[in-house]
There are 8 protein chains.
Amino acid sequence: MTDFVIDWERERRTGVAEALLCAGKTAAQIGAILTSAGGRRLLLTRLSEEKLAALPAAMRGALDYDPLSSTAFFGDSIVPDSVGPGIVCAGTSDLTVAREAARSLAFAGYRAPVIADVGVAGLWRLMQRLEEIRGFAVVIAVAGMEGALFSVLAGLVDAPVIAVPSSVGYGVAAGGRAALHGALASCAPGLVTVNIDNGFGGACAAIRMLRRMAPGGAPSG
Amino acid sequence: MTDFVIDWERERRTGVAEALLCAGKTAAQIGAILTSAGGRRLLLTRLSEEKLAALPAAMRGALDYDPLSSTAFFGDSIVPDSVGPGIVCAGTSDLTVAREAARSLAFAGYRAPVIADVGVAGLWRLMQRLEEIRGFAVVIAVAGMEGALFSVLAGLVDAPVIAVPSSVGYGVAAGGRAALHGALASCAPGLVTVNIDNGFGGACAAIRMLRRMAPGGAPSG
Amino acid sequence: MTDFVIDWERERRTGVAEALLCAGKTAAQIGAILTSAGGRRLLLTRLSEEKLAALPAAMRGALDYDPLSSTAFFGDSIVPDSVGPGIVCAGTSDLTVAREAARSLAFAGYRAPVIADVGVAGLWRLMQRLEEIRGFAVVIAVAGMEGALFSVLAGLVDAPVIAVPSSVGYGVAAGGRAALHGALASCAPGLVTVNIDNGFGGACAAIRMLRRMAPGGAPSG
Amino acid sequence: MTDFVIDWERERRTGVAEALLCAGKTAAQIGAILTSAGGRRLLLTRLSEEKLAALPAAMRGALDYDPLSSTAFFGDSIVPDSVGPGIVCAGTSDLTVAREAARSLAFAGYRAPVIADVGVAGLWRLMQRLEEIRGFAVVIAVAGMEGALFSVLAGLVDAPVIAVPSSVGYGVAAGGRAALHGALASCAPGLVTVNIDNGFGGACAAIRMLRRMAPGGAPSG
Amino acid sequence: MTDFVIDWERERRTGVAEALLCAGKTAAQIGAILTSAGGRRLLLTRLSEEKLAALPAAMRGALDYDPLSSTAFFGDSIVPDSVGPGIVCAGTSDLTVAREAARSLAFAGYRAPVIADVGVAGLWRLMQRLEEIRGFAVVIAVAGMEGALFSVLAGLVDAPVIAVPSSVGYGVAAGGRAALHGALASCAPGLVTVNIDNGFGGACAAIRMLRRMAPGGAPSG
Amino acid sequence: MTDFVIDWERERRTGVAEALLCAGKTAAQIGAILTSAGGRRLLLTRLSEEKLAALPAAMRGALDYDPLSSTAFFGDSIVPDSVGPGIVCAGTSDLTVAREAARSLAFAGYRAPVIADVGVAGLWRLMQRLEEIRGFAVVIAVAGMEGALFSVLAGLVDAPVIAVPSSVGYGVAAGGRAALHGALASCAPGLVTVNIDNGFGGACAAIRMLRRMAPGGAPSG
Amino acid sequence: MTDFVIDWERERRTGVAEALLCAGKTAAQIGAILTSAGGRRLLLTRLSEEKLAALPAAMRGALDYDPLSSTAFFGDSIVPDSVGPGIVCAGTSDLTVAREAARSLAFAGYRAPVIADVGVAGLWRLMQRLEEIRGFAVVIAVAGMEGALFSVLAGLVDAPVIAVPSSVGYGVAAGGRAALHGALASCAPGLVTVNIDNGFGGACAAIRMLRRMAPGGAPSG
Amino acid sequence: MTDFVIDWERERRTGVAEALLCAGKTAAQIGAILTSAGGRRLLLTRLSEEKLAALPAAMRGALDYDPLSSTAFFGDSIVPDSVGPGIVCAGTSDLTVAREAARSLAFAGYRAPVIADVGVAGLWRLMQRLEEIRGFAVVIAVAGMEGALFSVLAGLVDAPVIAVPSSVGYGVAAGGRAALHGALASCAPGLVTVNIDNGFGGACAAIRMLRRMAPGGAPSG
């Protein structure tokens, strides 16, 4: 069988550890990779409940699994005690993606509160939470449909805003392209974007920023 | 030569008169159509200055031409004395399209003020004008880039809001698709849309609504 | 658990109430939102029969559910006694979308008759119903495939025509883009459009217009 | 220099002669090909006035050039005395394409009248000419924007209808995709289509049909 | 319940009868339409085995169903005794579509032999059958992937060639767009196209042509 | 004339000042906006040499114009004395975009060196500069074609990496979509992206990050 | 029943034998084709386990089936004893496609080792295997997401590199278009590409090259 | 000024030398790069006549420029005395791309004859040259429109076939996507592709293959 080559040095090199994207891998492959991990910690993303159920029972028991975000933690648990980004979320349907970000941050040791249901169709909801949002050093925003939240938010706060477009929506919004283009074409300067539904990627980007903002945050090279 | 068949009955049938879309027509064709019009009034849209210059001088003199919107009025002038929609506009670059709408309304007898530079990157500008905008029976909104203005506006007013996406922008916004999808995928219910850069179409839609809202507005069939 | 924030003020602000789009939400989330609603009325859209069955029995019993349109009414029932728009529908397959519009209107108190099977491949069918259609103050048109009905209809009536492109069709029509572009690129001026399969949005747009057409219809701001 | 290989046998084999698509060829290449033609007849399409002007004067004089369709006839003239298809055309801007079809038919010996300005926004114009159109053995229909004419027409006549979508339009119609998809997704069965702006191809398709409809029309193989 | 309006006059008007596209319709709707048909004949397309099984047993028994093409005949059977088009087919996977065309022709009274497995990767297979193919008055060609068969065939025969692109293929060919564009962009003049997987539409186009080719084939208007 | 509304408060609110995107604006509009600026500083982007030449001479003289990046500084000059991001650039053709970023940073007071010609086709060039690049607190990467530089770079450094896809390339790379998708779909976690050719946006994103990294960098709200 | 026409001469003519693409074919059709094969060898691709199970037991037993690649060998087994290409693979999820290539090569008699998990996010993994990869006469590279591996690899080796983009990924990478465009738009000259997920095609391309590289490799025509 | 970093080691490393893509570079940048080249040879591609004219006269004189392909040779001339690939070309309009390939090969020392005007609409032209084409060790095929030539050719020869799709065509073929997809979706196995209009890339791919086919052709690593 082909050997698996986990990039264990990635965290030292880039500040963020390699994670195991389970979509597209068989349960057998996932099992073999976990076995090869030794005692090391590993974050699993996009692990469906069906695939989880197909893992050996002992391995399943070793996973801290969260069904809403389809993520699992493998290895020793840690307490997320660093101050992380705020996660701002347009609607209830976006919570799956928001939670993938929150879990990825927790795995890396960061607390990241989720501020949900602040979509711009009812602008007062965002305004009500604005001071709280302005308190974060980095903001992750999750929105589907047209993604108008990204522009409104980036026009109101001065922290870095990382847009995570979600695939929530139908018709021209199906698959998340409308929200993605809403983020990229935004009239609010300084907004940055990751791939559709990429809560993990949004979290990693926030970590890169937060590490440099920490006192003594210095190049690790 | 092929005869031209203007649909002179369109106004009686649908409430909005046929207009002459000059893009794609030669100056010779435009001249022939105007000649065939007899004394009747006609709105010309997308008439470039080059094409205008290629018309016979006498015909040129008979046109009330506006270079910013590339529109011209042919025939008797009328005073726009009916109360029309408000035209809300995200940025200076959208004024070309906003003015096509305003001129189309003026040709049909409606006054339509333009409220410009209220894009959501600086939300306070929209908020400052909100009461004024709430006073209109119908609102036409023009925006390019990601078109976030459409959602914010439709979440704040109760009048019908007609989005006119503009082709302002570059990268994924080039050509206006991002703004169009922003309008179609909007999280604010009840927003309606016309084609990209179709200021004329937005005006016609407003006219259909305003005629029915007028006291005594009744089916014309 | 994250709190849900329903925009209960939306109806007062924009004339149309917030609805609960069930696609993309778990049954648990839907249940929690309904519980948080207190006694207030709520419209649920895109509620599949599978998700309905996953709700607690008591909650299921409190819903007035319509399987064809996948909509449900929560809360006190009202009699739809206001005169609403006409809903014109190209084919039998479009009825799902047409009925989502009709139910959304009924929830808001409007009667909206559906005129079905008047696609333009057999033009006489539309012509036969034309006088009846001309009697409506607003027309919602639902069509898939190429959406030619939109242009023909908007060229024959003077009321506002709201196109709701449906995802009916295959090949280049799959997903509804051909019908959507048919509406946007229409040669008939004054046609407006909402997102593909968005019967709810078409209904909300009609409500915005009808409220302003009603005697005493005035800005609510 | 590379030799050119005209497929002189194509007419015998397929019923339609090879034509010279001048777009993408230099004036020098066009000149060399005409020289290599000997006395044989050749149809040139998409020959811009600039490229025509760049040909040697003697060669220019040998061409029967039509600026509206950008076509030219090279070689002996013939009288178009066979009864050809009818060409039905939505708007004035489509005449360029319609005329490319008419000229291609004339070069092959067919008379093809153009019935213009019968777009469906004013349906009465089409209805007024319907009996005339029903008299043709084959109908070529040219339309841009949403191409609704194709479906309406194919639902009203029993002859083969060949749609030639044109690139007339802007926004989502720019480039002709909306009209093309309107033809392909048509609800009217039996409609066939060629490429956008391909008046020449529409003419060739009609010729293939007409040859077989002629008394004694038999396989040429 | 909404009444269904079958366009029973379509055959008299356009030469081809209305068919019932079952995709997108519920079994209940299909049953109601068949009931409303009275004794009249009707062709059903895209009727899946699941939906067939959901029809009442008596209705099922009244259908002549063909699983490969998912078509059914309702009403009196007729003998297909008119000479129809040849159906040329690139690969085995295209037979589903080819058979939809053949069944649609049989329902209308035409015999249409299928010549399969003549894709151009092994050109000799097409060459071996070429004389036979040249004997048809009209040719329907079915191909997926890149659709190169369309161009090669149209360059070899003089009959009208109707391309039916199929959705056979993966990657850039998935869904049939590559084959469709192969037909539309063909270098072989006079090729015409219908929508992807539209075997029924290809058959209807052939019928329109064949009726006019028949001795005494005259306008029916 | 419509009044212009510059969002002068944007810098206080979001950390980055509003800039004047000159594409899509007439020289007259640009002139009017500059006049309305009073003595305040303003950055102009996408100001073509033609449009510059159309400004009044006095206004032209007041601009510090850079032709490679098509940017201009209006108002008092400042010395860029803050340490800014590194700008890493795949090829010479990307320098236009890289320089738009560098100039936007200089206008805001940041020094940003450009490290050019380190595309991955010759990986040694990037490796040679790697230690230097690892020294930056934030990295802006500019690349066109397939944008492979983004993934390689983000896998080698631990600073935040902001991808600015450029429209350099042809065929499937034309317009910059291939590079944009290369950035969004990157296998290297934590990479963020802005719109195609948006050097200004990349600079603004870097400024948002750098302000928070500075000692005493605190929310400005 | 329609006869099947396998192109048995393809190997002699083009160097690669026809294979049976099972996707899109019914189990009955696959069975009939295998029966018609006589004793001849045949490679089956994209044979799902469901379809395999639907074949008659005897036929199933005659197949050497590999579930990871969904391929099967029919007919006499041979020993792959020729030196084949190296297959380089970005991630574990790409192994399905890599293995389709390896199995296609084994069927044709070539040994092709798979070098997995060398994606560029952890560049050291590729560098570690570089000398080994440089030893192959032809390299097949399989990668999904953004496909940056293709450019990096083609810039480091001098053998022909055949990119096989995989559909691994989500958001803008879903379906494999981002990886495909990454290969086509590559800044590394001389890279060639096949269709998404086309491991079989990549193998056939390698075989065409290897046959010519073999001592005495000569045209087979 | 930024220094330019030519990858002079590329030829040793990958077998093909770096070339200078002039599109997207200013004349000043091109001049600076040539100056930095010292006496070394360099191939320039996509050098328009306008940009050539903007170079200093001395530099212009040092270039061997070919206007049809927009290529130039800088540095010592060499005699192309190695046997190269055959270049097969569908139509006259494709010669620009075919010649870019031929010139790139000549610069590297390979003779590559062009076989033009063998498009499949007149299949006999290809058949007439087939034996000649079968004599080449590698074949480069250039075609636009639907690119059917690629499949036909790859089904007839056993050498590696490199498709170079050209942007020749209009409508759905505009820009070359139809031809590109025709190559990628080909039913003929073992065909490989490069980017649209990338004659240089096709040449480099052929060189990688030919170097390995040469007696003594061995890994260079």
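Residues numbered from 1 in each chain as written. Chains lettered and ligands numbered in written order. Predicted model: local features only at pLDDT ≥ 70, side-chain atom pairs only at ≥ 80, totals over all residues.

## Looking at the interface of chain E and chain D
Note the cut-off: Residues are scored as being in contact if the C-beta atoms we place from backbone atoms lie within 7 Å. Strands here mean DSSP runs of E at least two residues long; helices mean DSSP runs of H or I at least four residues long; both are numbered from the N terminus.
Each partner contributes to the interface: chain E provides 36 residues, whereas chain D provides 36 residues. Elements that contribute at least two residues to the side of chain E that touches chain D include exactly helix 1 (10-14), helix 7 (130-134), strand 11 (191-193) and helix 10 (199-213) of chain E. If you tally residues by element for the side of chain E that touches chain D, the top one is helix 10 of chain E, at nine residues.

## Considering the UniProt feature "transmembrane region" (unreviewed entry) in chain A
To be explicit about the condition: UniProt positions are given in the numbering used here, feature names are shortened, and annotations may be inferred rather than shown by experiment.
Following the UniProt record, one finds the feature "transmembrane region" (unreviewed entry) at residues 135-157 of chain A. What you have in residues 135-157 of chain A is 30% helix and 22% strand, and the ends, taken at the C-alpha atoms, are 9 Å apart.

## Regarding the interface of chain A and chain B
Contact residues are listed per partner, giving 25 residues for chain A and 25 residues for chain B. For the side of chain A that touches chain B, the secondary structure elements donating two or more residues are helix 8 (148-154) and helix 9 (177-184) of chain A. Counting residues per element, the side of chain A that touches chain B draws most heavily on helix 9 of chain A, which supplies four residues.

## Quick look at the arrangement of the chains
Note that chain B does not reach chain G: the shortest distance linking a C-alpha of one to a C-alpha of the other is 13 Å. These two, chain C and chain G, are apart from each other, with no contact and a minimum C-alpha gap of 16 Å.

## Concerning the relation of the copies chain A and chain B
Selection rule: The copies are overlaid by a least-squares fit using only the C-alpha atoms of residues whose pLDDT is at least 70 in both copies.
With an RMSD of 0.0 Å, the fit of chain A onto chain B corresponds to turning through 180 degrees and sliding 0.0 Å along the axis. In short, the pair behaves as if placed about a two-fold rotation axis. By C-alpha distance to the rotation axis, the residue of chain A lying nearest is Ala148 of chain A, at 2.3 Å. Mapped onto chain B, 100% of the interface residues of chain A again fall at the interface, so both copies present the same surface.

## Thoughts on helix 5 (residues 95-107) of chain D
All names here are of chain D. Threshold: Multiplying 1.5 Å by the residue count of a helix minus one yields the expected span of that helix. Three exposure classes are used, all based on how many other C-beta atoms lie within 10 Å of a residue's own C-beta (placed from the backbone): buried at 20 or more, exposed at 12 or fewer, and partly exposed between those limits.
Here helix 5 spans 18 Å end to end across 13 residues, near enough to the 18 Å set by a 1.5 Å rise per residue. In terms of residue burial, helix 5 counts as a mostly covered element, since 13 of its 13 residues are buried. Where helix 5 ends, the next residue or the one after it, Gly109, has phi of about 100 degrees, a positive value.

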